[in-house]
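The residues making up each chain are set out below.
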There are 2 protein chains.
Amino acid sequence: MAKKTKQFRPKARLPKGLRDLRAEDVAARREMLATIMAVYESYGFDPLETSALEYADALGKFLPDADRPNEGVFSFQDDDDQWLSLRYDLTAPLARMVAENYEALPKPYRRYQTGQVWRNEKPGPGRFREFTQCDADTVGSPEMAADAELCAMVSDALEAVGIARGDYVVRVNNRKILDGVLETIGVAAGDDGATQRLTVLRAIDKLDRLGPDGVKLLLGAGRKDESGDYTKGAGLSDDQADTVLAFVGAGSDNRGKVVSTLRELVGGSEVGLAGVAELEEIGTLLDAIGYGADRIAFDPAVVRGLGYYTGPVFEAELTFEVLDDNDQPIRFGSIGGGGRYDDLVSRFKGTPIPATGVSIGVDRLLSALQAIGRGKGRVLMPPVVVLPLDKERKADYQRMVWQLRAAGIRAEMYLGGAGMKSQLKYADRRGAPIAVIQGSDEFEKGEITLKDLVLGSKLSEEIEDNTTWREDQPAQLSVPDGNLVQAVKDMLARPHMKV
Amino acid sequence: MAKKTKQFRPKARLPKGLRDLRAEDVAARREMLATIMAVYESYGFDPLETSALEYADALGKFLPDADRPNEGVFSFQDDDDQWLSLRYDLTAPLARMVAENYEALPKPYRRYQTGQVWRNEKPGPGRFREFTQCDADTVGSPEMAADAELCAMVSDALEAVGIARGDYVVRVNNRKILDGVLETIGVAAGDDGATQRLTVLRAIDKLDRLGPDGVKLLLGAGRKDESGDYTKGAGLSDDQADTVLAFVGAGSDNRGKVVSTLRELVGGSEVGLAGVAELEEIGTLLDAIGYGADRIAFDPAVVRGLGYYTGPVFEAELTFEVLDDNDQPIRFGSIGGGGRYDDLVSRFKGTPIPATGVSIGVDRLLSALQAIGRGKGRVLMPPVVVLPLDKERKADYQRMVWQLRAAGIRAEMYLGGAGMKSQLKYADRRGAPIAVIQGSDEFEKGEITLKDLVLGSKLSEEIEDNTTWREDQPAQLSVPDGNLVQAVKDMLARPHMKV
């Protein structure tokens with residue numbers, strides 16, 4: 001084999017911003033995703049899986065960093081010199097897929113997809129370059145009912161996975177209202193003001209992090225951050241910036257009141273009034289099905305950083321706090337969002353194809369669930385471990401494993417070369433409930449010893465407290481080898497075995 | 001917004017060798033994977049998920065095309081100029097993960113992983129550049145029991161997903177035996193003969209496609225293919241090549257007989273005899289748990305193309321034929337395989353860490369299942385569709401959907417702008433069992449009309465045959481609007497609604 005020709009010894013390390021998920025996390029994520037997907041399906045969404053790779057031009061550049069070319073996306077040239085990119089979200093691939101298969105799809109087309117996405121960004125704490133999203137989108141409907149049901153569905157999904165009502169809120173806004181406000185204060189409409197509007201948008205999107213004063217700097221001349229880097233602002237006057245900030249602060253837990261305030265702020269702007277009417281319609285639809293502002297609130301501070309949104313935008317936020325390892329309160333904040341992107345499919349087709357969608361950030365939601373002691377996942381029972389003490393009798397030990405497995409008991413044989421003590425240590429590390437032991441003495445007597453490792457560890461913890469010991473449940477017992485399966489079943493049925 | 005500044009219209013197309021999976025395929029694959037993973041778990045394997053991206057040097061190059069540098073793998077430079085690659089299998093990332101976290105893992109470590117892998121290869125019919133694997137590996141055990149249980153587990157997994165016993169076979173061989181045969185006929189051992197041995201290996205791996213005569217050319221001077229391309233051979237003499245072909249042809253449905261034949265062929269070669277002894281031990285272990293040669297056969301023609309195998313190699317093959325659209329018989333052939341790769345983790349650590357694993361090609365197995373009418377997946381009930389005939393009463397229709405959904409019935413409102421006829425066409429395209437209709441007349445009467453679309457389409461197919469009509473199950477009926485949920489439930493319970 002070629003193996004020995006290589007002297008190079010690579011370092012075993014994962015690139016920054018990437019990570020491995022171990023058994024408990026995989027199981028917990030799988031369970032959480034299954035719950036979310038079941039909610040999506042109940043709303044009529046069908047699953048779709050697209051490829052991780054797309055032509056770069058088909059994906060387009062709509063990330064918040066899109067103004068820095070070639071940033072944000074992992075790309076490379078194919079052998080025919082075309083640029084391929086790893087998808088940075090699940091929306092752009094959907095737009096491509098719908099445009100490519102438009103005739104064959106039912107319209108409107110409701111689909112959901114879950115999968116990894118990749119961002120070529122600077123990683124940081126809790127900020128990864130590969131993460132998982134779970135999206136639902138309706139393509140081909142201009143109806144506000146499509147947006148309203150997405151908000152209700154996210155609310156349902158969060159409650160289904162274990163977030164209590166009151167511990168989250170879905171905040172809704174409409175991009176057209178901001179456009180209207182900007183029109184009213186004299187920012188140019190159409191292409192001329194496009195860059196300025198985008199700068200305003202991204203300034204507002206930083207409200208959480210910078211507060212109103214920081215945002216005001218970004219709306220005006222610009223802002224220098226702690227590191228000394230200067231970000232150019234949108235160039236609004238003080239008065240203009242104040243109007244924008246008044247708009248941003250118009251949120252309230254009374255949806256009707258938010259609508260009235262916004263209607264005043266947009267003045268006579270046609271696009272602004274259209275946005276307010278859309279928001280109002282979403283409110284009416286949500287009222288009809290009983291989703292109040294405790295679940296879905298209107299908040300003009302929500303703008304979403306992505307460039308492609310054209311109407312309603314939503315953000316799902318966790319509102320509770322947990323204490324970190326240093327007893328400092330932390331909030332998980334946004335765990336998803338979305339909005340209407342009427343131009344994303346149209347950019348392929350040339351004809352208007354309205355669409356709206358929502359995305360849940362799976363990793364962050366899972367962290368939040370785990371922080372509040374939920375999200376434990378389907379419990380994967382640790383295996384019963386058979387210890388092959390006699391190296392000559394491997395086939396016999398393997399047969400025991402098979403008998404257990406045939407009876408539906410997760411079981412494995414220790415496959416290392418170590419002695420009894422190390423084998424028991426292995427069983428312990430695996431979290432095994434029972435070790436199955438048959439040394440040569442026991443073999444001659446036709447017996448097998450079962451060690452109750454759960455009780456064993458309880459006993460060694462509570463060495464002083466003899467009350468936990470029960471005669472009928474010894475930590476170790478010998479059974480005739482024909483009784484192996486039944487004896488293991490009986491031991492697994494002991495009350496302390498329950499997870 | 002920036003949207004209108006872009007005039008460029010991209011073409012909506014997926015790069016070659018990639019594809020979208022629609023609802024039925026997603027559901028079928030999910031179901032099949034869940035079944036396989038449950039089998040893996042019952043054997044004590046724990047789930048792991050690693051990142052799609054790895055450092056190129058950590059993955060290494062072990063693909064059959066590894067002799068062509070930079071072929072086979074999608075790679076690009078990170079912003080610190082280090083090369084990242086998309087994983088081309090799930091084994092190399094496992095080796096990295098184990099080497100990186102060696103102390104923290106139970107040893108031996110049994111893990112399974114399912115996920116996409118990417119190959120930068122020329123795509124062809126049934127040959128994709130992104131596909132899904134479902135792997136199980138045991139790291140840290142030199143025991144043949146680890147290899148034997150993998151073979152048994154693949155056999156169990158195939159039967160669990162619906163492949164009948166007799167319709168598949170797991171073929172097992174050992175790389176050391178080939179090394180022994182080559183040593184016996186005078187091919188240099190160690191690094192000196194490494195390239196020649198690899199060429200022999202890859203020649204044998206083409207037996208299925210080229211037959212013994214083609215393989216003999218590749219074992220000798222070389223072979224010109226149909227396109228005129230010349231592949232240099234391993235340079236063996238005629239006699240040497242014949243011995244190799246005798247080895248390759250030594251398969252039989254009697255495992256003991258194969259072992260004896262091979263023992264003769266390796267002569268006095270130490271490595272060869274070690275390989276035969278390993279094969280024999282696997283046979284003994286399989287006999288002990290009753291897995292006969294009808295499930296797991298010994299076949300020296302199995303060598304596996306990957307360069308990193310060092311001992312036992314296995315290949316899972318489907319043996320049945322199905323007819324294609326032109327009534328031509330097709331075989332699915334190999335749907336997975338694996339083997340022992342004792343040096344893959346060691347290349348990081350410098351110390352020997354034996355490992356063995358198996359991989360199932362999920363996409364190909366799913367195609368095979370679908371071809372024999374299995375693999376239909378968990379049935380995703382098509383939604384009941386509520387038709388919003390009166391545009392002023394959207395909120396009412398939405399409330400109906402909510403009532404149905406609250407009762408556990410998958411339901412959706414048509415969200416387009418079209419009239420009754422198009423709405424019914426949409427319901428039909430969705431495969432909806434029932435359309436819920438309330439026009440203004442019905443609204444005034446406080447009634448809702450339910451259309452049984454399954455019966456409706458049956459009736460229109462069997463227009464001549466009035467016997468299918470039953471008075472108590474009309475294709476359309478009106479109910480008081482307070483009875484919506486119960487009436488839909490009753491209609492869904494009609495016998496013809498069963499999928």
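Because the structure is predicted, anything quoted here is derived from the model rather than measured.

### Topic: the overall build of chain A
Counting its secondary structure elements, chain A contains 17 helices and 18 strands. Rg of the C-alpha trace for chain A: 29 Å, well past the compact-globule value of 23 Å for 499 residues, more than 25% over. Along the first, second and third principal axes, the C-alpha set of chain A runs to 95 × 60 × 55 Å. For chain A, the residues scored as buried account for 48% of the 499 residues in total. Partitioning the intrachain contacts of chain A with sequence separation of at least 6 by distance along the chain shows that 70% fall at a separation of at least 24.

### What about the environment of A:Asp167?
Residue and element names in this part refer to chain A. With respect to the helices and strands, Asp 167 occurs in the loop between helix H4 (144–161) and strand E7 (168–174). C-beta crowding within 10 Å serves as the criterion here: with 17 such atoms nearby, Asp 167 is assigned to the partly exposed category. Those residues within four positions of Asp 167 in sequence are excluded, and the remaining contacts are Leu 318, Thr 319 and Phe 320.

### Concerning the interface of chain A and chain B
Across the boundary between the two partners, chain A contributes 86 residues, which contact 86 residues of chain B. No other element matches the 6 residues that helix H13 (residues 394–406) of chain A contributes to the side of chain A that touches chain B.

### Let's talk about the packing of helix H5 (residues 175–184) of chain A against helix H10 (residues 270–288) of chain A
Residue and element names in this part refer to chain A. Contact pair H5 / H10: the axes reach a minimum separation of 7 Å and the direction vectors enclose 150°. It follows that H5 is roughly antiparallel to H10 by the angle criterion. The two elements H5 and H10 meet at a crossing, and its hand is left-handed. Taking contact as the criterion, the partners of Lys 176, Ile 177, Asp 179, Gly 180, Val 181, Glu 183 and Thr 184 in H5 are, on H10, Val 271, Gly 272, Leu 273, Ala 274, Gly 275, Val 276, Glu 278 and Leu 279. Considered class by class, the residues forming the contact of H5 with H10 number 7 nonpolar, 4 polar and 4 charged.

### Topic: the relation of the copies chain A and chain B
Structural alignment of chain A on chain B gives an RMSD of 0.0 Å, achieved by rotating through 180° and translating 0.0 Å along the axis. Those values place the two copies in the arrangement expected of a two-fold rotation axis. Using C-alpha coordinates, one finds that chain A approaches the rotation axis most closely at A:Phe76, a distance of 3.0 Å. Same-surface contact between copies: 100% of interface residues of chain A are shared with the interface of chain B.

### Some details on the domain arrangement of chain A
Structurally, chain A comprises domain 1 (23–371) and domain 2 (384–497). Of note, the centres of domain 1 of chain A and domain 2 of chain A, computed from C-alpha atoms alone, are 53 Å apart.

### So, the sheet that holds strand E17 (residues 447–452) of chain B
All names here are of chain B. The sheet built from 5 strands is open, its strands ordered E15-E14-E16-E17-E18 with mixed pairing. Two strands in the sheet have a free side with no partner beyond their single neighbour: strand E15 (411–413) and strand E18 (476–480). Going from strand to strand, the sheet's axes swing by 25° on average, the running direction of each strand aside. Direction of pairing for strand E14 (residues 384–387) relative to strand E16 (residues 434–437): parallel, over a ladder of 3 bridges. When the bridges of E16 are listed, Leu 387 appears paired with Ile 437.

### Concerning the packing of helix H1 (residues 23–42) of chain A against H4(A)
Residue and element names in this part refer to chain A. Axis separation between H1 and H4 bottoms out at 9 Å; the angle between their running directions is 145°. Between H1 and H4 lies a crossing of right-handed hand. Side by side, H1 and H4 meet where Met 32, Thr 35, Ile 36, Val 39 and Tyr 40 of the first sit next to Met 153, Asp 156, Ala 157, Ala 160 and Val 161 of the second. A class-by-class count of the residues in the contact of H1 with H4 yields 8 nonpolar, 1 polar and 1 charged.

Here is what the cut-offs are and how they apply
Residues numbered from 1 in each chain as written. Chains lettered and ligands numbered in written order. Predicted model: local features only at pLDDT ≥ 70, side-chain atom pairs only at ≥ 80, totals over all residues. Helix = DSSP H or I, 4+ residues; strand = E, 2+ residues; numbered from the N terminus. Rg over C-alpha atoms; globule rule 2.2 N^0.38 Å. Buried ≥ 20, exposed ≤ 12 C-beta atoms within 10 Å, placed from the backbone. Contact = placed C-beta atoms within 7 Å. Axes fitted to C-alpha atoms, helices over the stretch in contact; angles between N-to-C directions. Parallel < 35°, antiparallel > 145°, perpendicular 65-115°, else oblique. Left-handed = near helix turned anticlockwise from the far one by under 90°. Nonpolar A, V, L, I, M, F, W, Y, C, P; charged D, E, K, R; others polar. Least-squares fit on C-alpha atoms with pLDDT ≥ 70 in both. Domains from an automatic or database assignment. Pairing = 2+ DSSP bridges.

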